[in-house]
Amino acid sequence: RKEVEQDPGPFNVPEGATVAFNCTYSNSASQSFFWYRQDCRKEPKLLMSVYSSGNEDGRFTAQLNRASQYISLLIRDSKLSDSATYLCVVSGGNQFYFGTGTSLTVIP
Amino acid sequence: DTGVSQDPRHKITKRGQNVTFRCDPISEHNRLYWYRQTLGQGPEFLTYFQNEAQLEKSRLLSDRFSAERPKGSFSTLEIQRTEQGDSAMYLCASTTTSWTAYQETQYFGPGTRLLVL
């Protein structure tokens, strides 16, 4: 079983839409959770850390459900520039485990 | 610009040749990670260093792969006798240890894209 599982998509949404991604992880002892964004042929870049209480950064909201071992990312009012692959990342101990990524395309 | 640099950015080699990649992390970061990423997949952990010590290696890292970080600053990843299956993006990331796990954000370099013919 993979450490982190994500729906690869693709998600194709119109500008202004709200879109949500989910991610599940297998190790209940995992300590840190992140969402990274990766543009085509570029390196991953941190979008936001995910805190137990949930957190928001502008149009982006991340939630963590430890009991069900899943993480979510909500993007409101999608922009064309949000088109990218979103990677769910879980850390436990000294390793970081990445999901396969969810592809998002925002359509004009 | 995250401050992590990698060299070269692209490498084309013939099967059986050796290749070496370099990573220069953010200067105050003491942890350095190597990952491999293939199309449609997320980065897969290969190995990591804390200062000059290589503390963990993935079973993905066969005997043909070796990594070093001799002075606790830059790191090299060498692949010997390359195979076509080694074609991938090799990413380096650095972070700094912190008592608060949330602060261990990884910063990635631009990657080295390897093509083995």
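The structure we're discussing is the one just above.
What you are looking at is a predicted structure, and each value in this text was computed from that prediction instead of being measured.

**Q** So, the sheet that holds strand β7 (residues 65-68) of chain B: which residues are in play, and what are the values?
**A** Residue and element names in this part refer to chain B. With respect to topology, 4 strands assemble into an open sheet ordered β1-β3-β8-β7, the strand pairing being antiparallel. Strand pairing shows two members of the sheet lacking a second neighbour, β1 (5-7) and β7, which therefore form its edges. Strand-to-strand twist across the sheet, computed as the mean angle between neighbouring axes with direction ignored, equals 15 degrees. Across 3 bridges, β1 lies against strand β3 (residues 19-24) in antiparallel orientation. Looking at β3, one finds that Gln-6 is bridged to Cys-23.

**Q** Please set out the interface of chain A and chain B residue by residue, giving values where relevant.
**A** Across the contact, 22 residues belong to chain A and 22 residues belong to chain B. Of the roughly 1900 Å² buried where chain A meets chain B, counting both sides, 52% is carbon and sulfur surface. Where chain A touches chain B, the interface holds 3 residue pairs in polar contact (both at pLDDT 80 or more). Of all the secondary-structure elements, those providing two or more residues to the side of chain A that touches chain B are β4 (32-38), β5 (45-49) and β10 (95-98) of chain A.

**Q** Before we move on, could you go through the pattern of salt bridges and cite the residues and values that matter?
**A** Summed over the entire model, instances satisfying the criterion amount to 7 salt bridges over all chains. Across the salt bridge formed by A:Asp77 and A:Lys79, the nearest N and O atoms sit 2.9 Å from each other. The partly exposed category is assigned to A:Asp77, whose relative accessible area is 37%. Here B:Asp24 ties to B:Arg22 by a salt bridge, and the two come within 2.7 Å at their closest N and O atoms. Overall, the relative accessible area of 24% leaves B:Asp24 in the partly exposed class. A relative accessible area of 32% places B:Arg22 in the partly exposed class.

**Q** Describe the packing of aromatic side chains, with residues and values.
**A** Per the counting criterion, the structure on display carries 16 aromatic pairs over all chains. On the basis of an interplanar angle of 35 degrees and a centroid distance of 6.1 Å, the ring pair of A:Phe34 and A:Phe96 is categorised as tilted. Taken together, the positions of A:Phe34 in strand β4 and A:Phe96 in strand β10 put the pair 62 residues apart, joining distant regions of the chain. An identical accessibility class is assigned to A:Phe34 and A:Phe96; each is buried. Ring-pair connections join several aromatic residues into one group, and the members of that group are A:Phe34, A:Tyr36, A:Phe96, A:Phe98, B:Tyr33, B:Tyr35, B:Phe45, B:Tyr48 and B:Phe108. The ring of B:Phe74 carries the charged tip of B:Arg22 above its face, separated from the ring centre by 3.9 Å.

Basis of the calculations
Residues numbered from 1 in each chain as written. Chains lettered and ligands numbered in written order. Predicted model: local features only at pLDDT ≥ 70, side-chain atom pairs only at ≥ 80, totals over all residues. Heavy atoms only, no water. Pairing = 2+ DSSP bridges. Helix = DSSP H or I, 4+ residues; strand = E, 2+ residues; numbered from the N terminus. Axes fitted to C-alpha atoms, helices over the stretch in contact; angles between N-to-C directions. Contact = heavy atoms within 4.5 Å. Buried area = accessible area lost by both parts, 1.4 Å probe. Polar contact = N/O pair within 3.5 Å; in protein donor to acceptor, adjacent residues only side chain to side chain. Salt bridge = Lys/Arg side-chain N within 4 Å of Asp/Glu carboxyl O. Buried < 20%, exposed > 50% of the residue type's maximum accessible area, 1.4 Å probe, protein only. Phe/Tyr/Trp six-rings, centres within 6.5 Å; stacked < 30°, edge-to-face > 60°. Lys NZ or Arg CZ within 6 Å of the ring centre and 35° of its normal.

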